[in-house]
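Commentary on secondary and tertiary structure
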Amino acid sequence: MTASTPLNPALTTWTGHEGLPRFDLVKDTDFAPAFEAAFKAHEAEIDDIAGNPDQPTFENTVIALEIAGDALSRISSIFWNKAGADTNETIQALERDIAPKMSRHYSKIGMNAALFKRIDTLWENRESLGLDLEATRVLERHWKGFVKSGAKLPKEQQERLAGINETLAGLGAKFGQNVLADEKNWALFLDSEEDLAGIPDFLRDAMASAASDRGQQGKYAVTLSRSIIEPFLTFSDNRELREKAFRAWIARGENGGETDNRGLIAETLALRAEKAKLLGYDNYAALKLDNTMAKTPEAVNGLLMQVWEKAVARAREEEADLATLVAAEGRNHDVMPWDWRHYAEKLRAEKFNFSEGELKPYLQLEKIIEASFDVAQRLFGITATEKKGVAGYHPDVRVFEMRDASGRLTALFLGDYFARSSKRSGAWMSSFQSQHKLTLKNGAVGELPIIYNVCNFAKPAEGKPALLSLDDARTLFHEFGHALHGMLSNVTYPSVSGTGVSRDFVELPSQLYEHWLTVPDILKRYAVHYRTGEPMPEALLDKVLAARTFNSGFATVEFTSSALVDMAYHTAQAQGEPMALEAATLEKIGMPRSIVMRHRSPHFLHVFSGDGYSAGYYSYMWSEVLDADAFAAFEETGNAFDPGMAQKLKDNVYSVGGSIDPEDAYKGFRGKLPSPDAMLAKKGLAA
Ligand SMILES: [Zn+2]
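Definitions and limits used
- By convention here, each chain's residues receive numbers from 1 onward along its written sequence.
- Per-residue local features are limited, in this predicted model, to residues with pLDDT of at least 70; the limit for side-chain atom pairs, both in listing and counting, is 80 or more; totals at the level of whole chains, interfaces and linings are taken over all residues.
- As a rule here, side-chain values cover all heavy atoms of the structure and leave hydrogens and water aside.
- Note on conventions: DSSP H or I runs of at least 4 residues are helices, E runs of at least 2 residues are strands, and numbering of each starts at the N terminus.
- In this description the radius of gyration comes from C-alpha coordinates, and the expected globular size is given by 2.2 Å times residues to the power 0.38.
- Only protein chains enter the accessibility calculation, which uses a 1.4 Å probe; a residue is then buried when its area is under 20% of its type maximum, exposed when over 50%, and partly exposed in between.
- Two residues qualify as a contact provided that any one of their heavy atoms is within 4.5 Å of a heavy atom in the partner residue.
- Only rings of Phe, Tyr and Trp enter the pairing, Trp through its six-membered ring, and a pair is recorded when the two centres are within 6.5 Å. The plane angle decides the type: under 30 degrees is stacked, over 60 is edge-to-face, the rest tilted.
- At least two bridges found by DSSP between two strands are what make those strands a pair.
- Between the N-to-C directions of two axes lies an angle of 0 to 180 degrees, each axis being a line fitted to C-alpha atoms and, for a helix, fitted only over the stretch in contact.
- A helix is expected to span 1.5 Å multiplied by its residue count minus one.
- For our purposes a nonpolar core is just a set of buried Ala, Val, Leu, Ile, Met, Phe, Trp, Tyr and Cys residues, chained together by side-chain atoms within 4.5 Å.
- Water is not among the atoms examined, so metal sites may look incomplete; donors are the N, O and S atoms within 2.8 Å of the metal, or within 3.2 Å for Na, K and Ca.
- Note on terminology: angles under 35 degrees are roughly parallel, angles over 145 are roughly antiparallel, angles of 65 to 115 are roughly perpendicular, and the others are oblique.
- Whether a crossing is left-handed or right-handed is set by the direction in which the near helix is turned from the far one by less than a right angle, anticlockwise for left-handed and clockwise for right-handed.
- Think of it as three bins: nonpolar holds Ala, Val, Leu, Ile, Met, Phe, Trp, Tyr, Cys and Pro, charged holds Asp, Glu, Lys and Arg, and polar takes everything else, Gly as well.

1. Here's the deal with the overall build of the protein chain
A tally of helices and strands in the protein chain yields 26 helices and 9 strands. Taken over C-alpha atoms, the radius of gyration comes to 27 Å for the protein chain, in line with the 26 Å a tight globule of 687 residues would show. With respect to the three principal axes, the spread of C-alpha positions in the protein chain is 85 × 65 × 55 Å. Across the 687 residues that make up the protein chain, the buried fraction comes to 54%. A separation threshold of at least 6 residues defines the contact pool for the protein chain, and within that pool the share at least 24 residues apart is 74%.

2. Details of the packing of aromatic side chains
On inspection of all chains with the given rule, the structure shows 40 aromatic pairs. Taking the centre distance of 5.9 Å and the plane angle of 75 degrees together, the rings of phenylalanine 23 and tyrosine 393 count as edge-to-face. Separated by 370 residues along the polypeptide, phenylalanine 23 in the segment before helix H1 (31-50) and tyrosine 393 in the loop between strand S3 (383-386) and strand S4 (398-403) bring together distant segments of the chain. Judged by relative accessible area, which is 12%, tyrosine 393 ranks as buried. Between phenylalanine 559 and tyrosine 620, the aromatic rings sit 6.5 Å apart at their centres with planes inclined by 90 degrees, giving edge-to-face as the arrangement. With phenylalanine 559 in helix H20 (residues 552-571) and tyrosine 620 in helix H23 (residues 619-637), this pair connects stretches of sequence that are 61 residues apart. Owing to a relative accessible area of 12%, phenylalanine 559 belongs among the buried residues under this scheme.

3. Let's talk about the sheet that holds strand S9 (residues 450-457)
Ordered in space as S3-S4-S5-S9-S6, the 5 strands form an open sheet in which the pairing is mixed. Edge strands, defined here as strands with exactly one partner in the open sheet, are S3 and strand S6 (428-433). Going from strand to strand, the sheet's axes swing by 30 degrees on average, the running direction of each strand aside. With 6 bridges connecting them, strand S5 (residues 409-418) and S9 associate as parallel partners. The partner of phenylalanine 413 across the bridge, within S9, is isoleucine 451. In the packing of helix H15 (residues 365-380) onto the sheet, the strands contacted are S3, S4, S5 and S9, and the crossing angle to S5 comes to about 155 degrees.

4. Let's talk about the pairing of strand S7 (residues 436-439)
Only one face of S7 is buried: it carries His436 and Leu438, and the other face, with Lys437 and Thr439, is open. With 2 bridges joining them, S7 and strand S8 (residues 445-447) adopt antiparallel strand pairing. When the bridges of S8 are listed, histidine 436 appears paired with glutamate 447.

5. Things to note about H1
Over its 20 residues, H1 runs 28 Å from end to end, which matches the ideal 28 Å to within 8%, given 1.5 Å per residue. For H1, the set of buried residues is Phe31, Ala34, Phe35, Ala37, Ala38, Phe39, Ala41, His42, Glu45, Ile46, Ile49 and Ala50. Against the buried residues of H1 lie helix H2 (58-67), helix H3 (70-85), helix H4 (89-110) and helix H5 (113-124).

6. Points about the nonpolar core
Core analysis: the biggest nonpolar cluster contains 134 residues, and Phe480, Leu484, Tyr513 and Trp516 have the highest contact counts within it. Leave out the neighbours within four places in its chain, and tryptophan 516 touches Val375, Leu379, Phe477, Ile522, Phe631, Phe634, Ala640, Phe641 and Leu649.

7. What to know about the coordination of the zinc ion
Binding of the zinc ion to the protein goes through His478 (NE2), His482 (NE2), Glu507 (OE) and Glu507 (OE), at separations of 2.1 to 2.8 Å. Among the residues examined, histidine 478 registers a relative accessible area of 13% and is labelled buried.

8. Comments concerning the pairing of strand S2 (residues 220-223)
Neither face of S2 is left uncovered, since the one carrying Tyr220 and Val222 and the one carrying Ala221 and Thr223 both have all their residues buried. As paired elements, strand S1 (residues 187-190) and S2 share 4 bridges and run antiparallel to each other. Looking across to S2, one finds that leucine 190 is bridged to tyrosine 220.

9. Quick word on the side chain of threonine 292
Mapping threonine 292 onto the fold places it in the loop between helix H12 (284-289) and helix H13 (297-328). Look past the residues within four positions of threonine 292 in its chain and what remains in contact with it is Ser502, Asp504, Tyr618 and Pro662.

10. Some details on the environment of threonine 560
By the element assignment, threonine 560 lies in helix H20. In this structure the C-alpha to C-alpha distance between threonine 560 and alanine 311, which are 249 residues apart in sequence, comes to 8.6 Å.

11. Let's talk about H13
Over its 32 residues, H13 runs 45 Å from end to end, which matches the ideal 46 Å to within 8%, given 1.5 Å per residue. Following H13 by one or two positions, glycine 330 has its phi on the positive side, about 75 degrees.

12. Some details on the packing of H13 against H20
Where H13 contacts H20, the two axes come as close as 8 Å, and the packing angle between them is 150 degrees. On the basis of their axis angle, the class for H13 and H20 is roughly antiparallel. Crossing geometry of H13 relative to H20 is assigned as left-handed. For the pair formed by H13 and H20, the contact residues are Pro297, Val300, Asn301, Leu304, Met305, Val307, Trp308, Ala311, Val312, Arg314, Ala315 and Glu318 on the first element and Ser552, Gly553, Phe554, Thr556, Val557, Thr560, Ser561, Ala563, Leu564, Met567 and Thr571 on the second. For the contact of H13 with H20, the residue count by class is 14 nonpolar, 7 polar and 2 charged.

13. What to know about unusual backbone geometry
A negative phi angle characterises most non-glycine residues, just as the trans form characterises most peptide bonds. In this model, asparagine 551 sits at a positive phi of 65 degrees, which is unusual for a non-glycine residue. Locating asparagine 551 in the fold gives a position in the loop between helix H19 (538-547) and H20. In this structure, alanine 615 is a non-glycine residue whose phi angle is positive, near 50 degrees. Looking at the secondary structure, you find alanine 615 in the loop between helix H22 (605-608) and H23.

14. Comments concerning the environment of leucine 470
Topologically, leucine 470 is positioned in helix H16 (residues 470-487). Overall, the relative accessible area of 3% leaves leucine 470 in the buried class. Each C-alpha atom of the pair leucine 470 and glycine 357 lies 9.4 Å from the other, and the pair is 113 residues apart in sequence. The contacts of leucine 470, once residues within four sequence positions are left out, are Glu356, Leu359, Leu363, Leu517, Val544 and Arg548.

15. Quick notes on the packing of H23 against helix H24 (residues 643-654)
H24 packs onto H23 with a crossing angle of 160 degrees between their chain directions and a minimal axis gap of 9 Å. It follows from the interaxial angle that H23 and H24 lie roughly antiparallel. Helix-helix and strand crossings are classified by hand; for H23 and H24 the assignment is right-handed. Listed contacts from H24 to Ala633, Phe634 and Thr637 of H23 are Met645, Ala646 and Leu649. Of the residues contributing to the contact of H23 with H24, the split by class is 5 nonpolar, 1 polar and no charged.

As structure tokens, then:
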């Protein structure tokens, strides 16, 4: 690059330990001019590829695209890391500016007709190009990406598609804002002890601060945010108040007036159906599922209905148990949706008498990190060595070298474990650099994966050990499973590296990895008391594990009904009144009267506030099927670290990224397609 070289070379030429960026040399003010230059540089590269006078070849078109935009991706990776893990006002302002520019930049490339023509020619002639399987998939991805953005359509249909996309984006934003408004506008203020009966201290505190936020000092507010309404429904002894709050909660987006979402749903569904037809699909679900592991709406519905029947049967048993408790209190009413959580909690406390706090002294962060590394070594033969003194992007970040059995450096891993005010909530994995084997413009061949995990564990006081909850420990294993997907990647092309897989496959490596946390051999060694070094008592652990299947009929019915309604909306042949379709779907599957969908349509944000999980809510459960079935493969050998199975897992799942079809990848590992049996057993729903 010449004139368009970004102003600060530290952003794009990484000279730290083994090619790590020198974060200390980057200033917040460097980003804006660097992005400008990198957008231009990438555009010029794209123009060169599109305008190449030579006949299109895989080399001069697809490979050229794969390695183009190097500066942009380097600057982006540093920027988005900072935006998530160590932000400030300058970065936040930049984020608002960069995000739309980024989307315009990429949609412009997606509309480049000359570029598409080259890709389309290659796709038409793919049989004669002598491509291997991975190269063919990479070509297909590029081609489908263009086709789905309308590249094959005549001009006026392209314009219609652009119009639809724009309207959909606006509708999605409005939908989300309406739900938020309905949540904000409703609160129930309580002040008598009678109204507060049963409410534990932690919830009282939260309700008191919610009330004072709304200018009602000294009172307690029930609000519709999940963190208050759910514990309120769980603990409040006042049935009338529970009903009132519950009804308000499930009416979000359906209250009439300005913030009513029902009209937006109808409009959204009609536009999505039109878009699918324009692009040549039967319905929107078929469009969304193309390029996933599930592939078709029939496959998704098949899984959901199998689970549904077992879940409903179980929920009926649970309801009967709760009804017994209701009667024992001398009450004479059915178990209604506003009763379920309340009586389930009473039953839980009776059956599983322990607190999560009893586990904490046995779960030291340091030991759990060691455990996550030990599992990786036993399964995949890679070892982690901390490089003290190598600086990450924040003083809390720790840098590790990952080496294979022969001692070869295979990845850098950065662990950023503690919460801080500059970090957004949640936990995630991402990368600064992805593995691939192509020759870059500077002559370098391939790249080392540089992967990081960000968590939000409470930082202990000076000199005290960091202790985790069991959920925290699972999160650490989960994110490290994603990290391994990036670090063990062994593909040729960047776009299919590591986690570059479909949405219903990407959680397999992470959710599967969680299973090794509770393998007895690992717990015995690493879940030891921080003072005495004693391993966690088995009886305590057994109770914790048994409690995990409690109330699972209810939870599965809540989830699966939402997923089925999502599919019904996006496969319907005629777009009728959406709420009627919701009702008809629930009627058809026999939804119990005592349970309501986890997300009713007027506030189903996953499906209507954006496009991320439309015809895709199922994928949470799909991943659970995969991880349970995959771990069962190890259990069947009688050895959680069975070397043969581990080798197959690495060769077919953790190292292949998106280079092969996910179904084939899974079959390569397991020898067959996944069955939901192991997941049902894990949830306690097996026959
Ligand atoms: Zn995940």
